[in-house]
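The chain contents come next:
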Amino acid sequence: MKNNKTLLITGGCGFIGSNLVRSYLREGCRVINLDKLTYAGNRSSLADLEGDPNYMFVHGDICDAELIRGLFGKYRPEAVLHLAAESHVDRSIDSPEEFIQTNIVGTFRLLEAAKKHWKSLPEERKNSFRFLHVSTDEVYGSLGS
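Residues numbered from 1 in each chain as written. Predicted model: local features only at pLDDT ≥ 70, side-chain atom pairs only at ≥ 80, totals over all residues. Heavy atoms only, no water.

A. Examining unusual backbone geometry more closely. At leucine 37, a residue that is not glycine, the phi angle is positive and equals roughly 60°. Its location among the elements puts leucine 37 in the loop between β2 (30-35) and β3 (55-59). Accessibility expressed as a relative area gives 29% for leucine 37, which makes it partly exposed. For arginine 76, which is not a glycine, the phi torsion comes out positive at approximately 50°. (Helix = DSSP H or I, 4+ residues; strand = E, 2+ residues; numbered from the N terminus. Buried < 20%, exposed > 50% of the residue type's maximum accessible area, 1.4 Å probe, protein only.)

In structure tokens, the structure reads:
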């Protein structure tokens, strides 16, 4: 089944991200996988996809506004699935600035680029454009008891 949608997935080399990339490729989507390849990303988990015309890997940081704008301009995605995050509590205690940069600044830059992209879309495409932010309690906070 081909649905021909183009998706921008951030953090696509992580455990959840790599499975999401594979799932959308099976559905016939074109996937742009943007990943910084930090401690959670493993490019080799998707090595068998290299050469697939519907899969593009981009090694980069969501904090890089110019890179993000370029990806939106070049690929014109119908949706963003934002999974990139710093998510280990122990690491947040040792290096809180990395968490602020990725989880707050990076997400903000991605949202700003997505908003600009959305505003440039024809009305019929605006209604179907989606931005999904998937993360953990380290980003959203705990659910409580």
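B. Molecular detail of the environment of cysteine 29. Relative to the elements of secondary structure, cysteine 29 occurs in the loop between α1 (15-26) and β2. For the pair cysteine 29 and asparagine 4, spaced 25 residues apart in sequence, the C-alpha to C-alpha distance is 5.2 Å. Setting aside chain neighbours within four positions, we find cysteine 29 in contact with Asn3, Lys5, Leu7, Tyr24 and Asn54. (Contact = heavy atoms within 4.5 Å.)

C. Representation of the nonpolar core within the structure. Counting 17 residues, the largest nonpolar core has Leu8, Ile32, Leu34, Ile68, Leu71 and Phe72 as its most contacted members. Listing elements by their share of this core, those giving two or more residues are β2, β3, α2 (65-75) and α4 (96-120). Not counting residues within four places of it along the chain, the set of residues in contact with leucine 71 comprises Leu8, Ile32, Leu34, Val58, Arg76 and Pro77. Judged by nonpolar contacts, the second largest core, of 14 residues, contains Leu7, Ile9, Leu25 and Leu49. (Core = buried A, V, L, I, M, F, W, Y, C linked by side-chain atoms within 4.5 Å.)

D. Looking closely at the sheet that holds β3. Taken together, the five strands give an open sheet; going across it, the order is β3-β2-β1-β4-β5, and neighbouring strands pair in parallel fashion. Unpaired on one side and paired on the other, β3 and β5 (130-133) mark the two borders of the sheet. If you compare each strand with its neighbour and ignore which way they point, the axes differ by 15° on average. Where β2 and β3 come together, five bridges link them in parallel fashion. What sits directly across from valine 31, in β3, is tyrosine 55. (Pairing = 2+ DSSP bridges. Axes fitted to C-alpha atoms, helices over the stretch in contact; angles between N-to-C directions.)

E. Molecular detail of α2. What α2 keeps buried is the set Ile68, Leu71, Phe72 and Tyr75. Down the axis of α2, the buried side of the element spans an arc of 95°, and every buried residue falls inside it. Opposite the buried face of α2, at more than 90 degrees from it, the exposed residues are Glu66 and Lys74. The inward-facing, buried residues of α2 contact β1 (6-10), β2, β3, β4 (79-82) and α4. Within two residues after α2, arginine 76 carries a phi angle of roughly 50°, on the positive side. (Arc of directions from axis to C-beta.)

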